[in-house]
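Notes for the structure review
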Amino acid sequence: MPHTKKSKWVQAAKILKNYVLITLGALLLAVAIEKFLIPNQMVDGGIVGISIMMAEITKIKLGIFLVLLNLPFIFLGYKQIGKTFAFQSAYGIVAASIFTVFFHHSTPATTDPLLAAVFGGIIIGIGVGIVLRNSGSLDGTEILSILISSKTPFSVGNIVMFINLFILSSAGFVFGWTSAMYSLITYYIAAKTMDVVVQGMSETKSVLIISDEYEEIAHAIMDRLGRAVTFLDGQGAYSQEDRRVIFSIITRLEEAKLKSIVDGIDENAFLAIANVHDVKGGQFKKRNIH
């Protein structure tokens, strides 16, 4: 019974943390929209961009469009991803809508379009990234893209890019082509910032190494980088020789040192490094090195 009560408290604390961080993300999105983008006639991609243009054309409050246009996608998210995601996304979108009303008549942070594009994009990326990291979403186009990709040969990233290019191009007819070009800068910076927030500043990478000196390389990685190493059994397709393959996980900052270690032991070693979206469990935690 005590264990069950503790588990419930831990779960409740996790849910509370999610909603607090989603509120923060929604606040940052509203600040970027009302204090950077709208005063300088710029838009972002997705539902946010469509909502800004609809508000400009109809003179109806932006928050109303943010909620209404996202409703169908929240329903899709509920059906395809789950109720937790749908509820937290709905909360984030409603919170962002309320915050836009609060900041609507505030003084613009800047009237310089380039500064607005850069800092508006950074703030949007941080806000949206925080919400995504906590199992929510502030934009329904990503949900739509996932569903389309399951029925077409196109990737989610390609579909998102196509949708947003269409939206950003449409901004040229509403705000003018100069504003549309600045909006493209905003979208690019927001997307890159969001990736950093979602994936983390460390940007983990997976490593595969094939070498006759696998034992020495493995010990060097463990001793000099403090990273765990796993041996995988492999076989050359042409030579039919059995080979030991070294597998490890490192951070971006450790990549140059790893290459130096491998080159110093076997300059002819095969080395493949790939980005990893997330790492959980195992022995990824770095050990102390001397």
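Residues numbered from 1 in each chain as written. Predicted model: local features only at pLDDT ≥ 70, side-chain atom pairs only at ≥ 80, totals over all residues. Heavy atoms only, no water.

Looking at the confidence of the model for the chain
Low-confidence regions, as indicated by low pLDDT, have predicted coordinates that should not be scrutinised in detail. Summary statistics for the chain give a mean pLDDT of 85 and a share of 88% for residues scoring 70 or more. Mean pLDDT values for the elements of the chain range from 72 in helix H6 (residues 141-149) up to 93 in helix H9 (residues 214-224). (pLDDT = per-residue confidence, 0-100. Helix = DSSP H or I, 4+ residues; strand = E, 2+ residues; numbered from the N terminus.)

Quick word on the packing of aromatic side chains
Applying the stated criterion across every chain, the model contains 5 aromatic pairs. With 6.3 Å between their ring centres and 45° between their planes, tyrosine 78 and phenylalanine 87 make a pair best called tilted. Their ring planes at 70° and their centres at 5.0 Å tell us that phenylalanine 173 and tryptophan 177 sit as a pair that is edge-to-face. (Phe/Tyr/Trp six-rings, centres within 6.5 Å; stacked < 30°, edge-to-face > 60°.)

Remarks on the packing of H9 against helix H10 (residues 255-265)
In contact at an axis separation of 10 Å, H9 and H10 are set at 145° when each is read in the N-to-C sense. As H9 runs across H10, the sense of the crossing is right-handed. Of the residues in H10, those in contact with Glu216, Ile217, Ala220, Ile221 and Arg224 of H9 are Lys257, Leu258, Ile261, Val262 and Ile265. Taken together, the residues of the contact of H9 with H10 sort by class into 7 nonpolar, no polar and 3 charged. (Axes fitted to C-alpha atoms, helices over the stretch in contact; angles between N-to-C directions. Left-handed = near helix turned anticlockwise from the far one by under 90°. Contact = heavy atoms within 4.5 Å. Nonpolar A, V, L, I, M, F, W, Y, C, P; charged D, E, K, R; others polar.)

Let's talk about the nonpolar core
Membership of the largest hydrophobic core comes to 42 residues, with the highest contact counts inside it found for Leu29, Val43, Ile52 and Ile124. The set of elements that each furnish at least two residues to this core consists of helix H1 (2-37), helix H2 (46-58), helix H3 (62-80), helix H4 (83-103), helix H5 (113-133), helix H7 (156-175) and helix H8 (177-199). Considering every element that reaches this core, the biggest residue donor is H1, with 9 residues. Non-local contacts of isoleucine 52, meaning those with residues more than four positions away in its chain, are made with Ile33, Leu37, Ile38, Met42, Val43, Asp44, Leu62 and Phe175. Among the nonpolar cores identified, the runner-up in size contains 14 residues, and Ala220, Leu225, Val229 and Ile246 belong to it. (Core = buried A, V, L, I, M, F, W, Y, C linked by side-chain atoms within 4.5 Å. Buried < 20%, exposed > 50% of the residue type's maximum accessible area, 1.4 Å probe, protein only.)

Points about the pairing of strand S2 (residues 229-235)
Sheet topology places S2 next to strand S3 (residues 242-251); 7 bridges connect them, and they run antiparallel. Bridge pairing links phenylalanine 231 to isoleucine 246 in S3. Hairpin remark: S2 followed by S3, antiparallel, with 6 residues in the connecting loop; positive phi at glutamine 240, about 65°. (Pairing = 2+ DSSP bridges.)

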